[in-house]
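Chain and residue survey
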Amino acid sequence: MRIPCPLCGERDAAEFSTIGSAPPPRPAADAPTEAWHEYLHLRENPAGMHAELWQHIHGCRQWLRVMRDTRTHAVASAEACRP
Amino acid sequence: MRYSALALLRHALTGNRSWTPAWRDPAPKPAYDTIIVGGGGHGLATAHYLAKLHGITDVAVLEKGYLGSGNVGRNTTIIRSNYLLPGNTPFYEHSMKLWEGLEQDINYNAMVSQRGVLNLCHSDSQRDAYARRGNAMRLAGVDAELLDAAQVRAMVPGLNMDSVRFPVKGGLLQRRGGTVRHDAVAWGYARAADSRGVDLLQNTEVTGIRVQSGRVVGVETTRGFIGAKRVGLAVAGNTSRVAAMAGLRLPIESHVLQAFVSEAVKPMIDTVVTYGAGHLYVSQSDKGGLVFGGDIDGYNSYAQRGNLPVVHDVMECAVQLFPAMSRLRYLRQWGGIMDMSMDGSPIIDRTPIEGLFLNCGWCYGGFKATPASGWCFAHTIATGQPHALNAAFRLDRFATGAVIDEKGAGAQANLH
Ligand SMILES: Cc1cc2nc3c(=O)[nH]c(=O)nc-3n(C[C@H](O)[C@H](O)[C@H](O)COP(=O)(O)OP(=O)(O)OC[C@H]3O[C@@H](n4cnc5c(N)ncnc54)[C@H](O)[C@@H]3O)c2cc1C
Ligand SMILES: [Zn+2]
């Protein structure tokens, strides 16, 4: 698996680390427990295109929003982002 | 047909011409009392215990591929009950006890081998943590022994005991742990369930779950609609996809875990060893191959195959721990899709939909749980109530905060 870092070019997945799905917007601090539960625990977990966060830890250290197909591991795009 | 030494002899003398198939290949009936989705270890065990202990035999197990094509036939076959937390320990110990009587119960040789599971420690603090775990196990009636370095050296020759960076300081040993022939578990439970009248429907994929006024009434499949009063889901890595058919959104991510087998060598490791300074577990199969694995790859996957960084990492750990392994070629490698939960512990529970039951969240430790998971799931489905042994494995524990987090890693699936 390779990830096209917008700053470093296409690099081996071993240089990156992931924290999983690109999360939905964070609930407000006083949002009901249910909203926090959904945000923290529940996952779409699609078989197909998946938006996720990776960091180029052994490269430029930029956080990336990666679109990847979970059935084939093919990476469609990677854009710099703030997690 | 009962299997026995006498039957073996009789068939040997008659040219092995009269063995009969281990289970039937029935056509689906229009409806069943209970449908179990997923013909893996957990689904098949559930069907067996439903029929045997609860007298519910109007049951079908629906499997999209062939029986045992999922994780039950892909794991590294390790069984143990060395858990720390109260919600887990009695459940896994019940599973260990069921393993100990399994072969008699299902009249099938599953090659249950209590060769011991030895977790190595490499620092004083790690030894303290293992002492604590061992004490918790013993308080719960589970066997545990803390070994010092000399005892480990005597027990496992070939270990790199004196590595400068990660010397082996000792280990926590559960002698009753070990390995079980994984395919035989699927086949044995399948045959036992079939002999009590359970229909095993292979190549039957569930494509929809029909719910009417909050109650499940059956499932759509690639072989048409099949009605049911109760439906139990035991589809491991595919849980999110199947549960979504009933509108459920779950605290589950699907991740790939790889396993590796080396070429066969003479007896080298007669127990199961886990490395405490990296993630590696290794045992030796009866054919002589070293069977080993490590961490999940770490990203969501439904691909049943992994990538090279983890292969590299696992090989590195193996060679660090057993330097002689550097001389071996590895023969085979594969991946399976794990249902990783947000606290690393499973779910065996009812769902908000009447008649729909859920069994999932096994992460990469669900093989050892197979007997108890089937036993508890059967109880939950038959009585409509969880058993005390699976009472903590609730679906709503994430919302209420009553999580069971052995690792203390929080709601990040790839850290469990
Ligand atoms: C490489 C690897 C190593 C492992 N090592 C160990 C270990 O050493 N010890 C341990 O305790 N655990 C281990 N595990 C974990 C263990 O194998 C799993 O937790 C356990 O097998 C999961 O339960 P199961 O057997 O029911 O799953 P599976 O065998 O995966 O059964 C689920 C079944 O559901 C079927 N299915 C899915 N969707 C549908 C549908 N829509 N319709 C019909 N059928 C469907 C699948 O085809 C599959 O056969 C390991 C797993 C892997 C992959
Ligand atoms: Zn970069």
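Residues numbered from 1 in each chain as written. Chains lettered and ligands numbered in written order. Predicted model: local features only at pLDDT ≥ 70, side-chain atom pairs only at ≥ 80, totals over all residues. Heavy atoms only, no water.

Before going further, it helps to spend a moment on unusual backbone geometry. Even without glycine at this site, His73 of chain A takes up a positive phi of about 70°. Mapped onto the elements, His73 of chain A comes out in the loop between β5 (63-69) and β6 (75-80). One non-glycine residue with positive phi stands out, namely Met111 of chain B, at about 55°. Tracing the backbone through its elements, the reader meets Met111 of chain B in the loop between α3 (89-106) and β4 (117-121). Accessibility expressed as a relative area gives 33% for Met111 of chain B, which makes it partly exposed. (Helix = DSSP H or I, 4+ residues; strand = E, 2+ residues; numbered from the N terminus. Buried < 20%, exposed > 50% of the residue type's maximum accessible area, 1.4 Å probe, protein only.)

Okay, the coordination of the zinc ion (ligand 2) next. Residue and element names in this part refer to chain A. Coordination sphere of the zinc ion (ligand 2), protein contribution only: Cys5 (SG), Cys8 (SG), His56 (ND1) and Cys60 (SG), at 2.0 to 2.4 Å. Coordination at the zinc ion (ligand 2) is tetrahedral, judged from the 4 donor atoms that bind it and the angles of 104 to 119° they form at the metal. Read N to C, the donor residues that coordinate the zinc ion (ligand 2) are spaced as C-x2-C-x47-H-x3-C. Taken together, the residues span a long stretch of sequence, with Cys8 in the loop between β1 (2-5) and β2 (9-12) and Cys60 in the loop between β4 (49-55) and β5 at a distance of 52 residues. The exposure class assigned to Cys8 is partly exposed, which follows from its relative accessible area of 36%. (Donors = N, O, S within 2.8 Å, 3.2 Å for Na, K, Ca; no water. Tetrahedral: all angles 85-135°; square planar, octahedral: opposite > 155°, others 65-115°.)

Let us now look at the sheet that holds β6 of chain A. Residue and element names in this part refer to chain A. The 4 strands are arranged β3-β4-β5-β6 in an open sheet whose pairing can be described as antiparallel. Two strands in the sheet have a free side with no partner beyond their single neighbour: β3 (17-21) and β6. Ignoring which end each strand starts from, the neighbouring axes of this sheet average 25° apart. Examined bridge by bridge, β3 and β4 share 4 bridges and lie antiparallel to one another. By the bridge assignment, Gly20 is partnered in β4 with Leu53. (Pairing = 2+ DSSP bridges. Axes fitted to C-alpha atoms, helices over the stretch in contact; angles between N-to-C directions.)

Turning our attention to the confidence of the model for chain B. In this model, chain B carries an average pLDDT of 97, and 100% of its residues clear a pLDDT of 70 or more. Interface confidence for the predicted complex, given as ipTM, is 0.96, next to a pTM of 0.97. (pLDDT = per-residue confidence, 0-100.)

With that out of the way, let us pick up the packing of aromatic side chains. Counted under the stated rule, the structure contains 12 aromatic pairs over all chains. Summarising the aromatic geometry, the rings of Trp36 of chain A and Tyr39 of chain A are spaced 5.7 Å apart at their centres and angled 90° between planes, so their arrangement reads as edge-to-face. Placement of the pair is Trp36 of chain A and Tyr39 of chain A together in helix α1 (residues 33-41), with a separation of 3 residues, close to one helical turn. Residue class for Trp36 of chain A comes out partly exposed when judged on its relative accessible area of 21%. For the pair Phe91 of chain B and Phe393 of chain B, a centre-to-centre distance of 5.0 Å together with 80° between the ring planes defines the contact as edge-to-face. In this pair, Phe91 of chain B sits in helix α3 while Phe393 of chain B sits in the loop between α9 (370-383) and α10 (397-400), placing the two residues 302 residues apart along the sequence. For the pair shown, Phe91 of chain B and Phe393 of chain B are each scored as buried. Connected via pairs of aromatic rings, a cluster forms that spans Tyr83, Phe91, Tyr92, Trp362 and Phe393 of chain B. Above the ring of Tyr302 of chain B, the side-chain terminus of Arg241 of chain B is found at 5.1 Å from the ring centroid. (Phe/Tyr/Trp six-rings, centres within 6.5 Å; stacked < 30°, edge-to-face > 60°. Lys NZ or Arg CZ within 6 Å of the ring centre and 35° of its normal.)

Facing the 24 residues of chain A at the interface are 23 residues of chain B. Summed over both sides, the interface between chain A and chain B buries roughly 2100 Å², with carbon and sulfur atoms accounting for 51% of that surface. Per-residue buried area on chain A facing chain B is highest for His41, Arg43 and Asn45 of chain A; these three make up 30% of the total on that side. If you look at where chain A meets chain B, you find 3 salt bridges. Here Arg249 of chain B makes a salt bridge to Glu38 of chain A, at a shortest N to O gap of 3.5 Å. Along the contact surface separating chain A from chain B lie 17 residue pairs in polar contact (both at pLDDT 80 or more). Of all elements in the fold, only β3, α1 and β4 of chain A reach the threshold of two or more residues within the side of chain A that touches chain B. It is α1 of chain A that contributes the most residues to the side of chain A that touches chain B, 5 residues altogether. Looking at side-chain class alone, the side of chain A that touches chain B contains 8 nonpolar, 10 polar and 6 charged residues. (Contact = heavy atoms within 4.5 Å. Buried area = accessible area lost by both parts, 1.4 Å probe. Salt bridge = Lys/Arg side-chain N within 4 Å of Asp/Glu carboxyl O. Polar contact = N/O pair within 3.5 Å; in protein donor to acceptor, adjacent residues only side chain to side chain. Nonpolar A, V, L, I, M, F, W, Y, C, P; charged D, E, K, R; others polar.)

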